[in-house]
Amino acid sequence: MIPSFLWWCRRVGATVFMLLLLAGVTLETRADTVPITFPDSVQQGSMVIGRVPPGSQVSVAGHDLRVTGYGTVVFGVGRDASGRQTVSITTPDGRRQNVAVAITPRDWPIERIDGVPPRTVSPPPEIARRIQREQAAVSAERARNDDRVGFAQTFIWPVEGRISGRFGNQRIYNGTPGSAHSGMDIAAAEGTPVKAPASGVITFADDLYLTGGTVLLDHGYGISSNFLHLSRIDVKVGDRVEQGEVIGAVGSTGRATGPHLHWGMNWFDTRIDPLLVLDRAK
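Predicted model, so just to flag it, every value in this text is computed and none were measured.

Here is what the cut-offs are and how they apply
- Residues numbered from 1 in each chain as written.
- Predicted model: local features only at pLDDT ≥ 70, side-chain atom pairs only at ≥ 80, totals over all residues.
- Heavy atoms only, no water.
- Helix = DSSP H or I, 4+ residues; strand = E, 2+ residues; numbered from the N terminus.
- Buried < 20%, exposed > 50% of the residue type's maximum accessible area, 1.4 Å probe, protein only.
- Contact = heavy atoms within 4.5 Å.
- Areas by Shrake-Rupley, 256 points an atom, 1.4 Å probe, with all protein chains shown as cover.
- Core = buried A, V, L, I, M, F, W, Y, C linked by side-chain atoms within 4.5 Å.
- Expected span 1.5 Å × (residues − 1).
- Arc of directions from axis to C-beta.
- Phe/Tyr/Trp six-rings, centres within 6.5 Å; stacked < 30°, edge-to-face > 60°.
- Lys NZ or Arg CZ within 6 Å of the ring centre and 35° of its normal.
- Pairing = 2+ DSSP bridges.

Undergrad: Before we move on, can you summarise the overall build of the protein chain with the specific residues and values?
TA: Across its full length, the protein chain holds four helices and 21 strands. Burial statistics for the protein chain: of 282 residues in total, 45% are counted as buried. Taking the intrachain contacts of the protein chain between residues at least 6 apart in sequence as the baseline, contacts between residues at least 24 apart amount to 67%. With the model as given, the accessible surface of the protein chain reaches about 14300 Å², and the carbon-plus-sulfur share is 52%.

Undergrad: For the nonpolar core, give the residues involved together with the corresponding values.
TA: Phe 38, Phe 75, Val 87 and Phe 227 are the most contacted members of the largest nonpolar core, which totals 47 residues. Element by element, the count of residues in this core is highest for strand S20 (residues 260-267), at four residues. Aside from chain neighbours lying at most four places away, what touches Phe 227 is Pro 158, Val 194, Pro 197, Gly 213, Thr 214, Val 215, Leu 217, Ile 247, Leu 261, His 262 and Trp 263.

Undergrad: Break down unusual backbone geometry for me, citing the residues and quoting the values.
TA: The general pattern is negative phi for most residues beyond glycine and trans for most peptide bonds. For Ala 61, which is not glycine, the phi torsion reads 50° and is therefore positive. Among the secondary structure elements, Ala 61 is positioned in the loop between strand S3 (57-60) and strand S4 (63-65). Overall, the relative accessible area of 54% leaves Ala 61 in the exposed class. Within the chain, Tyr 221 stands out as a residue other than glycine whose phi angle is a positive 60°. With respect to the helices and strands, Tyr 221 occurs in the loop between strand S15 (212-220) and strand S16 (223-230).

Undergrad: So, helix H3 (residues 125-141): which residues are in play, and what are the values?
TA: Compared with the 24 Å implied by 1.5 Å per residue over 17 residues, the 25 Å span of H3 between its first and last C-alpha is a close match. Along H3, the residues that are buried comprise Ile 127, Ile 131, Glu 134 and Val 138. One side of H3 holds all its buried residues, which, seen down the axis, span an arc of 70°. Turned more than 90 degrees from where H3 packs its buried face, Pro 125, Gln 132, Arg 133 and Ala 140 sit exposed.

Undergrad: Could you give an account of the packing of aromatic side chains, with specific residues and numbers?
TA: Taken as a whole, this structure holds four aromatic pairs when the rule is applied. Judged by centre distance (6.2 Å) and plane angle (65°), the rings of Phe 75 and Trp 267 are edge-to-face. Of this pair, Phe 75 sits in strand S5 (residues 72-76) while Trp 267 sits in strand S20, and the two are 192 residues apart along the sequence. Assigned by exposure class, Phe 75 and Trp 267 land together as buried. Joined through ring pairs, the aromatic side chains of Phe 75, Trp 267 and Phe 268 make up one cluster. The lysine or arginine in question, Arg 66, covers the ring of Tyr 221, its NZ or CZ lying 5.8 Å from the ring centre.

Undergrad: Please set out the pairing of strand S12 (residues 183-187) residue by residue, giving values where relevant.
TA: Of all five residues making up S12, four are buried, and the element is well covered by its neighbours. Of the pairings in the sheet, the one linking strand S9 (residues 162-165) to S12 comprises three bridges and is antiparallel in character. When the sheet's bridge partners are listed, Gly 165 is paired in S12 with Asp 185. Across five bridges, the pairing between S12 and S20 is antiparallel.

Undergrad: So what's going on with the sheet that holds strand S17 (residues 232-233)? Which residues, and what values?
TA: Spatial strand order, S13-S19-S17: three strands in an open sheet with antiparallel pairing. Every other strand in the sheet has two partners, leaving strand S13 (193-195) and S17 as the edge strands with one partner each. Of the pairings in the sheet, the one linking S17 to strand S19 (residues 246-249) comprises two bridges and is antiparallel in character. Within S19, the residue paired with Arg 232 across the bridge is Ala 249.

Below is the structure:
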């Protein structure tokens, strides 16, 4: 009688467990079973993903990081960062620990871009003020710290093509020095569909003077992608998109010499290299 009762309990327990999974109920990870894990070193321009006990308090570079229910955290290392990045962790039981992530320097070649519309290189005062307003509007959206985890997906290429401009390289437009390149340029034919490299929500979609058709896609926890020079925008602010969903089309609008996609990524106001994010899947 007792063995039969125990068998029945096990069967019922297994059934309840499966029903919870099918219902989408998340079983919390025990904090004391998760080790603190970060890479020993990363390159300049990296997106860094680490693991801490769920419920921990984590900070880096003056930012308090969100922690997922599984203990995942993310932050970015800028183009010009050097030395070590210190991550400060306080676990739920009050233990404090600092983790130092070494930053590996990279070489930044010079790229010369000729044939750019002159008014986008040395704009008159009224256009310069417009550019400043537009860029401020985009930057404001990068301050979001939404609780979505698209950043943890394995990113895919938004378009297939030759890399025609690399992140971080110093640029000279029509002979005039400009700022370092903030993303990765991918050469592709006009009208080629641009797909979301990871899931997220659209936080900006407009036609701007300098960057032309511009879309900002927030992947959560401060990580976002921007897509510039689009010939067509197929999304609007507030749209939730899944990985692989079409958000627009390749163009040459704004400061561009030919059709290509500029894909940039940020951790808040820190620019990171999309190519390094793609390389995480290798």
